[in-house]
Number of protein chains: 2
Amino acid sequence: MFQEKVPMARQIATKSVVDAVTDDVRARILSGSLTSAAAVTELEIATAYEVARPTAKAAIEKLVGENLLVRGSHKSARVAELGPDAVRDIYQARAYLESGILRRLAASHTVPEAAVAANAEILAVTGAGDLALVEPDLRFHTALVAAVGNERIARMYGSLAGEVRLCMTRVQSLHLLDSAAIHAEHRQILDHLAAGDAEAAASALDSHLATARERLAEALAA
Amino acid sequence: MFQEKVPMARQIATKSVVDAVTDDVRARILSGSLTSAAAVTELEIATAYEVARPTAKAAIEKLVGENLLVRGSHKSARVAELGPDAVRDIYQARAYLESGILRRLAASHTVPEAAVAANAEILAVTGAGDLALVEPDLRFHTALVAAVGNERIARMYGSLAGEVRLCMTRVQSLHLLDSAAIHAEHRQILDHLAAGDAEAAASALDSHLATARERLAEALAA
DNA sequence: TTGAGTATACTTGTCAGACAAACCAGTCCA
DNA sequence: TGGACTGGTTTGTCTGACAAGTATACTCAA
């Protein structure tokens, strides 16, 4: 293999035009700059980025595949709008995935280093922007998922995380999330992991997600 | 809404050309007609179905999004080949998803009707082709997942099911799967569900998947 | 004034053709 | 024998175009 001859090749990345457009549009969606109020047409994207329409089309279809955009046949795409039921669906799926993972991590007394670091960041950004909280929070949970080393589960969680971030930014999450409380709940989960108490870790996660879910759902219902 | 005026509108489906090509290629992949031995080029698909190259390209990229095809930049696509490690990864992910689901179903003593029907079919096709067994087997598990009514979990499981079917057909599964044993193990799971015994159901599923996983992994290693 | 039907504009679906860039394999030369 | 070059193959992207579907606006009649 090539990697054996050059153990530490510098990683460079060349993005195709479609990928570049996709990434930027996705960032705009996740940041809340693009809402479900206005339609996202292929021509808009094409002119905005000065690319051909097929390129814009490919980018839109990629995002549709990620469930960030929705569109029907012969209709322009819109940002997927997440109602209370969708939020409950997403958080229920999260709970399924993460509770199983915590059970496994607890069995081997594994406390992922990356999760600890992400949790520390939550306190660090206290008082900063409201949206600054979302990133480390998601990174904490993603680190837990990544710790089991299962590629497909990580992929699945990634697709969920996109939708989670989407609805977190839609509700501007100003007063929904208290950084100190989140940090404490995360800390509790990590402690249970260190102690190897699977059930305690799972139930702590359940309540952690349940409160977030209900607050989000209520905010979206209004 | 339109649906309130016409309560039972006939469901008709118009597939786009891209979707039609995608579906057919996917079927060829899952049936084993397309293997990872030969590359799948855009021009091949385009000429085979008498469509333009962009159409073929879109179909290929959809299947790449489903993880049935893989391809790097400027390289032709190939059917994803699943080694022993990939099989273990997939089955571990399945076990995560399904065990959590069984716990929930057992808590409400739910025995999905569709799962019972699918399990009956497994006995019905005994002695028929080897591949005939795969369909009802997957349908049994899919029915369990669908019973919880979570859209995102069902979606995730669907993407896994594609890969499962892929490696099941790659190993021609002649002597790997004994229909009577499978039926019995499924039956046991359903019984545990009816009794509301979550742990027993989950552990029965675990061993059910573990045997299938190891046999598949061994066969692929050879 | 209101309703229905038509007409028009907008958007997407698909195609053809083209060129550049990247990859691959085979060949040639030192 | 090893490296560089060169050709063919494949993909990435673009331009331009037309057909088909959707939604909106407009007109005309009741």
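The rules behind these values
- Residues numbered from 1 in each chain as written.
- Chains lettered and ligands numbered in written order.
- Predicted model: local features only at pLDDT ≥ 70, side-chain atom pairs only at ≥ 80, totals over all residues.
- Heavy atoms only, no water.
- Helix = DSSP H or I, 4+ residues; strand = E, 2+ residues; numbered from the N terminus.
- Buried < 20%, exposed > 50% of the residue type's maximum accessible area, 1.4 Å probe, protein only.
- Contact = heavy atoms within 4.5 Å.
- Areas by Shrake-Rupley, 256 points an atom, 1.4 Å probe, with all protein chains shown as cover.
- Lys, Arg positive; Asp, Glu negative; His and termini not counted.
- Charge placed at Lys NZ, Arg CZ, Asp CG, Glu CD.
- Least-squares fit on C-alpha atoms with pLDDT ≥ 70 in both.
- Near = heavy atom within 4 Å.
- Polar contact = N/O pair within 3.5 Å; in protein donor to acceptor, adjacent residues only side chain to side chain.
- Nonpolar A, V, L, I, M, F, W, Y, C, P; charged D, E, K, R; others polar.
- Salt bridge = Lys/Arg side-chain N within 4 Å of Asp/Glu carboxyl O.
- Domains from an automatic or database assignment.
- Buried area = accessible area lost by both parts, 1.4 Å probe.
- Core = buried A, V, L, I, M, F, W, Y, C linked by side-chain atoms within 4.5 Å.

A. Structural view of the overall build of chain A. Along its length, chain A carries ten helices and two strands. Helices and strands in chain A line up, N terminus first, as α-α-α-α-β-β-α-α-α-α-α-α. Here the C-alpha coordinates of chain A stretch approximately 60 × 55 × 35 Å along the principal axes. Residues counted as buried form 41% of the 222 residues belonging to chain A. At a minimum sequence separation of 6, the contacts of chain A that also span at least 24 residues come to 73%. Summing over all exposed atoms, chain A offers an accessible surface of approximately 11,400 Å²; the carbon and sulfur share of this is 55%. On chain A, the mean spot of the 23 positive side-chain charges and the mean spot of the 28 negative ones are 6 Å from each other.

B. Inspection of the relation of the copies chain A and chain B at higher detail. Once chain A has been moved 0.1 Å along the axis and rotated by 180°, it coincides with chain B to within an RMSD of 0.1 Å. Those values place the two copies in the arrangement expected of a two-fold rotation axis. A shared binding surface is used by both copies, with 100% of the interface residues of chain A retained as interface residues in chain B.

C. Representation of the protein's contact with DNA strand C in the model. In the neighbourhood of DNA strand C, 18 residues make up the surrounding shell, with A:E42, A:R53, A:K57, B:V17 and B:T55 lying closest. Sugar and phosphate atoms form 75% of the subset of DNA strand C atoms that lie within 4 Å of the protein. A distance of 2.9 Å is found between a base oxygen of DNA strand C and a side-chain nitrogen or oxygen belonging to A:R53. A:K57 is positioned with one of its side-chain polar atoms (N or O) 2.4 Å from a phosphate oxygen of DNA strand C. Sorting the residues of the surface near DNA strand C by element identifies α4 (53–65) of chain A together with α2 (17–30) and α4 (53–65) of chain B as the ones contributing at least two each. By residue class, the composition of the surface near DNA strand C is five nonpolar, six polar and seven charged.

D. How the structure looks around the pattern of salt bridges. If you walk through the whole model with that rule in mind, you get 38 salt bridges over all chains. One network of salt bridges, with partners in common, ties together A:E42, A:R53, A:K57, A:E61 and A:R71.

E. Up close: the side chain of A:S179. Residue and element names in this part refer to chain A. When you line up the elements, S179 lands in helix α9 (residues 179–195). For S179, a relative accessible area of 9% translates into the label buried. Discounting chain neighbours no more than four positions away, the residues touching S179 are I122, T126 and L133.

F. Up close: the domain arrangement of chain A. Residue and element names in this part refer to chain A. In terms of domain boundaries, chain A breaks down into domain 1 (17–79) and domain 2 (84–221). Placing a centre on the C-alpha atoms of domain 1 and another on those of domain 2 gives a separation of 28 Å. In this assembly, six residues from domain 1 lie in contact with five residues from domain 2. Summed over both sides, the interface of domain 1 with domain 2 buries roughly 550 Å², with 63% coming from carbon and sulfur.

G. Here's a closer look at the nonpolar core. Counting residues in each nonpolar core, the largest one holds 127 residues, and the members touching the most others are A:I29, B:I29 and B:Y91. In this view, B:Y91 contacts B:V164, B:M168, B:L209, B:A212, B:R213 and B:L216; residues no more than four positions away in its chain are not counted.

H. Up close: the protein's contact with DNA strand D. Around DNA strand D sit 19 residues in total, of which A:S16, A:V17, A:T55, B:R53 and B:K57 are the nearest. The protein-proximal atoms of DNA strand D, defined as those within 4 Å of the protein, are 74% sugar or phosphate. At 2.5 Å from a phosphate oxygen of DNA strand D is found a main-chain nitrogen or oxygen belonging to A:V17. At 3.2 Å, a side-chain N or O of A:R53 approaches a base nitrogen of DNA strand D. The dominant element in the surface near DNA strand D, judged by the number of residues it contributes, is α4(A), at three residues. Considered class by class, the residues forming the surface near DNA strand D number six nonpolar, six polar and seven charged.

I. Local environment of the environment of A:L97. Its place among the elements puts A:L97 in helix α5 (residues 84–107). A:L97 sits in the buried class, given a relative accessible area of 4%. Setting aside anything within four residues of it in sequence, one finds A:L97 in contact with A:I153, A:Y157, A:L160, B:L97 and B:M156.

J. Highlighting the environment of A:A200. Inspection of the secondary structure puts A:A200 in helix α10 (residues 198–221). The class of A:A200 is buried, set by a relative accessible area of 17%.

K. Representation of the interface of chain A and chain B in the model. The partner chain B presents 22 residues to the 22 residues of chain A that form the contact. Here chain A packs against chain B, burying approximately 1,900 Å² in sum over the two surfaces, 50% of which is carbon and sulfur. Of all residues in chain A, A:Y96, A:R152 and A:M156 give up the largest surface area on contact with chain B, accounting jointly for 35% of the area buried on that side. For the interface between chain A and chain B, the tally reads six salt bridges. The shortest N-O distance in the salt bridge between B:D89 and A:R152 comes to 2.8 Å. Along the contact surface separating chain A from chain B lie 14 residue pairs in polar contact (both at pLDDT 80 or more). The set of elements that each furnish at least two residues to the side of chain A that touches chain B consists of α5 and α8 (151–170) of chain A. In terms of residue count, the dominant contributor to the side of chain A that touches chain B is α5(A) (ten residues). Partitioned by chemical class, the residues of the side of chain A that touches chain B number eleven nonpolar, five polar and six charged.

L. Fine view of unusual backbone geometry. All names here are of chain B. You will see that N67, though not glycine, has its phi angle at about 65°, which is positive. Its place among the elements puts N67 in the loop between α4 and β1 (69–70). Located in the positive-phi region is H74, a residue other than glycine, with phi close to 65°. Position of H74 relative to the elements: it lies in the loop between β1 and β2 (78–79). Among the residues examined, H74 registers a relative accessible area of 84% and is labelled exposed.

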